[in-house]
Amino acid sequence: MSDSEEEESPDRQLKLVVLGDGTTGKTSLATRFAQETFAKQYKQTLGLDFFLKRILLPGNLNVTLQVWDVGGQTIGGKMLDKYIYGAQGILLVYDITNGQSFENLEDWYNVVKKVNEGSETQPLVALVGNKSKLLIFKY
Ligand SMILES: Nc1nc2c(ncn2[C@@H]2O[C@H](COP(=O)(O)OP(=O)(O)OP(=O)(O)O)[C@@H](O)[C@H]2O)c(=O)[nH]1
């Protein structure tokens, strides 16, 4: 086997952007995924938080996922377009006990569409309903 065959394949970087209203649980999802932690206490994300997670996909494919955790208050702000630009994946997060947070996803999605207007490749967009256990307590 030659040296080049023994080397691991270089990492492929993928950008995943997490969007949605404040307190829907975006940071919690990102930290649970990237660091396997969960904080009960709320700490507002100011602007942007950033996490990296290296994963190995079938076929020995190394992927470094960049998770861009965007603060809920950035909607309507100047920086949001720049955060979204170049993403391969978007998570649109709402709190299932807060209907308004679901309705407001339309505004978030409109920004995603605007940023990717005219671009050849479009990001994959997933809808995430968070805080499912709270529903048991509410109803
Ligand atoms: N019960 C419950 N609480 C959650 C869940 N996810 C997040 N939380 C709590 O909800 C609060 C807000 O969570 P964050 O992850 O900070 O919310 P965020 O969307 O990042 O908020 P912003 O920074 O304002 O954009 C925190 O107190 C979390 O502990 C969940 O699945 N269930």
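Residues numbered from 1 in each chain as written. Predicted model: local features only at pLDDT ≥ 70, side-chain atom pairs only at ≥ 80, totals over all residues. Heavy atoms only, no water.

Remarks on the site of the ligand
Phase 1: Around the ligand sit 20 residues in total, of which Lys 26, Ser 28, Ala 39, Tyr 42 and Thr 45 are the nearest.
Phase 2: Thr 27 places a side-chain nitrogen or oxygen 2.8 Å from an oxygen atom of the ligand.
Phase 3: Here a nitrogen atom of the ligand and a side-chain polar atom of Asn 130 are 3.3 Å apart.
Phase 4: About the coverage of the ligand: the protein hides 84% of its 660 Å² of free accessible area.
Phase 5: The pocket occupied by the ligand, as judged from atoms lying within 2 Å of grid points, is the largest pocket.
Phase 6: In terms of residue count, the dominant contributor to the shell around the ligand is helix α2 (residues 26-35) (3 residues).
Phase 7: Residues that form the shell around the ligand fall into these classes: 4 nonpolar, 12 polar and 4 charged. (Near = heavy atom within 4 Å. Polar contact = N/O pair within 3.5 Å; in protein donor to acceptor, adjacent residues only side chain to side chain. Areas by Shrake-Rupley, 256 points an atom, 1.4 Å probe, with all protein chains shown as cover. 1 Å grid on protein atoms, 1.4 Å probe; cavity = no way out; pocket = protein on both sides within 12 Å on 5 of 7 lines; lining within 4 Å. Sits in = over half its atoms within 2 Å of the grid points. Helix = DSSP H or I, 4+ residues; strand = E, 2+ residues; numbered from the N terminus. Nonpolar A, V, L, I, M, F, W, Y, C, P; charged D, E, K, R; others polar.)

Quick look at the confidence of the model for the protein chain
A low pLDDT score tells you not to read the predicted coordinates there in detail.
Phase 1: The predicted model of the protein chain averages 89 in pLDDT, with 88% of residues at 70 or higher.
Phase 2: Of the regions scoring below 50 in pLDDT, residues 1-6 engages in 1 contact with residues more than four places distant in sequence or in other chains.
Phase 3: Among the prediction metrics, the complex's ipTM stands at 0.97, with pTM recorded as 0.90. (pLDDT = per-residue confidence, 0-100. Contact = heavy atoms within 4.5 Å.)

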